Amino acid sequence: MTTTYPLRTIHAHELDAWARMITTTYGQDWYEGSLRNAATSIEPERTLAACDGPEIVGGASIYGRVMTVPGAAVPVAGITLVAVLPTHRRRGILTAMMRKQLTDLHESGGEPITALNAAEATIYGRFGYGVASHVAEIQADKRLMALRPGTDLGDGTIRLLARQDARPLLEKVYDTARRGAVGWVDRTEKFWQARLADGERVRGGGTELRFAVHTEPGGEATGYVLYRSKPGLVQIIEVAATTRQSYAALWRFLIDLDAHAGLTYDGAVDEPLTHLLTDPRAARTTTIDNLWVRLVDVDRALAARRYSTPLDLVLEVQDPFCPWNAGRHRLRADGDSVTCERTRAQADLRLTSAELGAAYLGGTTLSSLAAAGRVEELRPGAVTAASLAFRGERAPFHPSGWAFPAF
């Protein structure tokens, strides 16, 4: 027998019950305030609950953000805190929540793309999400790390600041850096609060957060690093820099920290760090998926970003989960002039929405997807032309750092 589980937005008095469902699903103990940061940052009107009678058995939320994409900044619906109780798995609840989120965005003309960090890599492809960026998990032996001779460190200085003194400088540096960093998103007050959450339970046995800020001789902040100390280890939470000199200086500061033999950091797959080192093998990396992207409306999403080369291409899109996207779309791009419209013209490429999501940030190439049999070339040369046009200047990267798989 098929049982339906109504979906609705949560009410303020249900936050604890909703949070208990989330923590139970993710295998964590509930404790008072464990989702305090989520509670202050989620948007209740965009937070779903799936109900079995009076019991909340599933949920999903959306954060409205602005993401840097190739050549532009685009509103994005950040999907987060997605969970279904283990007692109610395989009953269609997750599929219903994913469908409702995308349908509501389409019908309301909301954000043209959604994005998320996946708790498991096998979940979201069936809903049209594609792996759009990767993260390099760096583990390094600091005793083997040294910057290349002649590295330009500039004339700035680095100071360790108290949280209240560092905070306005962090915001300024981050806001400048994110505008040129594909995959980074804006941070309003509530998201800064969540990013800098430093309760005992989130430290994982480490110290409280340290705030090292790089400033120029005139006083302008041009970089920072957030980190914790653990026994023999520096756990780097975030690095942001607006100049190459401040970036190099911050890494020298981290390498020179006494009483720490190693360091860990989750960075971009083309992180400049390894090119600064005399021995690049001192920093070992493991690459895993980072950000998954889904195009809500193909035409709006593709027209919102810019392309590295002129392009005139007809895409035949297959999208059974969001059928309004299915069909042929003509994408024309030349600098800042970009259009994407329905067409009856003959298609050049055939692919699904998941491949478009994967290529959207300019990291995953259409050529590599075609080599895997996931993009079909219908006109000779179309894959090469499209792949070059979609590529970005640098590999996309999303610095997350949330307590739960989140956006």
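Residues numbered from 1 in each chain as written. Predicted model: local features only at pLDDT ≥ 70, side-chain atom pairs only at ≥ 80, totals over all residues. Heavy atoms only, no water.

**Digging into the overall build of the protein chain**
Keep this limit in mind: Strands here mean DSSP runs of E at least two residues long; helices mean DSSP runs of H or I at least four residues long; both are numbered from the N terminus. To get the radius of gyration, use the C-alpha atoms; to get the globule rule, take the number of residues to the power 0.38 and multiply by 2.2 Å. Accessibility here uses a 1.4 Å probe with only protein chains present; expressed as a share of the type maximum, an area under 20% marks a residue as buried, one over 50% as exposed, and anything in between as partly exposed. Here a residue-residue contact requires only that any non-hydrogen atoms of the pair lie within 4.5 Å. Where accessible areas are quoted, they stem from the Shrake-Rupley method and a 1.4 Å probe; at the residue level, only the protein chains shown are allowed to cover.
On a plain count of helices and strands, the protein chain comes out with 11 helices and 17 strands. Its C-alpha atoms give the protein chain a radius of gyration of 22 Å, within 12% of the compact-globule value 22 Å for 407 residues. In terms of its C-alpha atoms, the protein chain occupies a principal-axis envelope of roughly 60 × 55 × 35 Å. Within the protein chain, the proportion of its 407 residues that are buried is 50%. Of all intrachain contacts in the protein chain linking residues separated by at least 6 positions in sequence, the fraction that spans at least 24 positions is 72%. Summed over all atoms, the accessible surface of the protein chain reaches about 18,400 Å², with 49% contributed by carbon and sulfur.

**Thoughts on the environment of Asp175**
The following threshold applies: Polar contact is the term for a pair of N or O atoms within 3.5 Å; when the atoms are in protein, one must be able to donate a hydrogen and the other to accept it, and sequence-neighboring residues count only if both atoms are side-chain atoms.
Positionally, Asp175 belongs in helix H4 (residues 163-178). A distance of 2.9 Å separates the side chain of Asp175 from the side chain of Arg178, its partner in a polar contact.

**Comments concerning the sheet that holds strand E6 (residues 130-141)**
Rules: When DSSP finds two or more bridges between a pair of strands, those strands are recorded as paired. For every element, the axis is a line fit to its C-alpha atoms; helices are fit only across the contacting stretch, and the angle between N-to-C directions ranges from 0 to 180 degrees.
Pairing is mixed across the open sheet formed by 12 strands, whose spatial order is E1-E2-E3-E4-E5-E12-E6-E11-E10-E9-E8-E7. Among the strands making up the open sheet, the edge pair consists of strand E1 (7-9) and strand E7 (157-161). The average angle at which neighbouring strand axes cross in this sheet is 30°, direction not considered. Running at roughly 155° to strand E4 (residues 72-84), helix H3 (residues 93-108) makes contact with E1, strand E2 (47-52), strand E3 (55-69), E4, strand E5 (113-116) and strand E12 (283-295) of the sheet. Sheet strands in contact with H4 are E3, E7, strand E8 (210-215), strand E9 (221-230) and strand E10 (232-241), and its direction is about 120° off that of E9.

**Overview of the side chain of Asn117**
Looking at where Asn117 falls in the secondary structure, it is placed in the loop between E5 and E6. A residue is classified by how much of its surface remains accessible, and Asn117, at 12% relative accessible area, is buried. Within the structure, Asn117 has its side chain in polar contact with the backbone oxygen of Asn290 (distance 2.7 Å).

**Here's the deal with helix H1 (residues 15-25)**
An α-helical segment advances 3.6 residues per turn. Residues three or four places apart therefore align on the same side. Within the sequence span of H1, burial applies to Trp18, Ala19, Met21, Ile22 and Thr23. Packing partners of the buried residues in H1 comprise E2, E3 and E4. With its phi angle positive at about 70°, Gly27 sits one or two positions after the end of H1.

**Digging into the pattern of salt bridges**
Keep this limit in mind: Just to be clear on terms, a salt bridge is a Lys or Arg side-chain nitrogen sitting within 4 Å of an Asp or Glu carboxyl oxygen.
A complete count under the given rule lists 29 salt bridges for this structure. In this structure, the salt-bridge partner of Arg244 is Asp152, at a minimum N-O distance of 3.7 Å. Separated by 92 residues along the polypeptide, Arg244 in helix H6 (residues 244-255) and Asp152 in the loop between E6 and E7 bring together distant segments of the chain. Owing to a relative accessible area of 60%, Arg244 belongs among the exposed residues under this scheme. For Asp152, a relative accessible area of 34% translates into the label partly exposed. Salt-bridge contacts for Glu238 lead to Arg187; the nearest nitrogen and oxygen are separated by 2.6 Å. With Glu238 in strand E10 and Arg187 in the loop between H4 and helix H5 (189-195), the pair connects residues that are 51 residues apart, well separated along the chain. Taking relative accessible area as the criterion, Glu238 reaches 2% and is therefore assigned buried.

**Concerning the environment of Gly156**
Note on placement: Gly156 falls in the loop between E6 and E7. It is 15 Å that separates the C-alpha atoms of Gly156 and Ala240, two residues lying 84 residues apart in sequence.

**Brief notes about the nonpolar core**
Put simply, the rule reads: Only buried Ala, Val, Leu, Ile, Met, Phe, Trp, Tyr and Cys residues count toward a nonpolar core, and they belong to the same one when joined by side-chain atoms within 4.5 Å.
With 59 residues, the main nonpolar core has Leu170, Tyr224, Leu295, Leu302, Tyr360, Leu361 and Phe390 as its most contacted residues. When sequence neighbours within four positions are dropped, the list of residues in contact with Tyr224 reads Leu170, Val173, Tyr174, Arg187, Trp192, Ala212, Val213, Glu238, Val239, Ala240 and Leu250. By size, the runner-up hydrophobic cluster in this structure holds 40 residues, among which are Tyr5, Val57, Trp292 and Phe321.

Keep in mind these values describe shape, not function.
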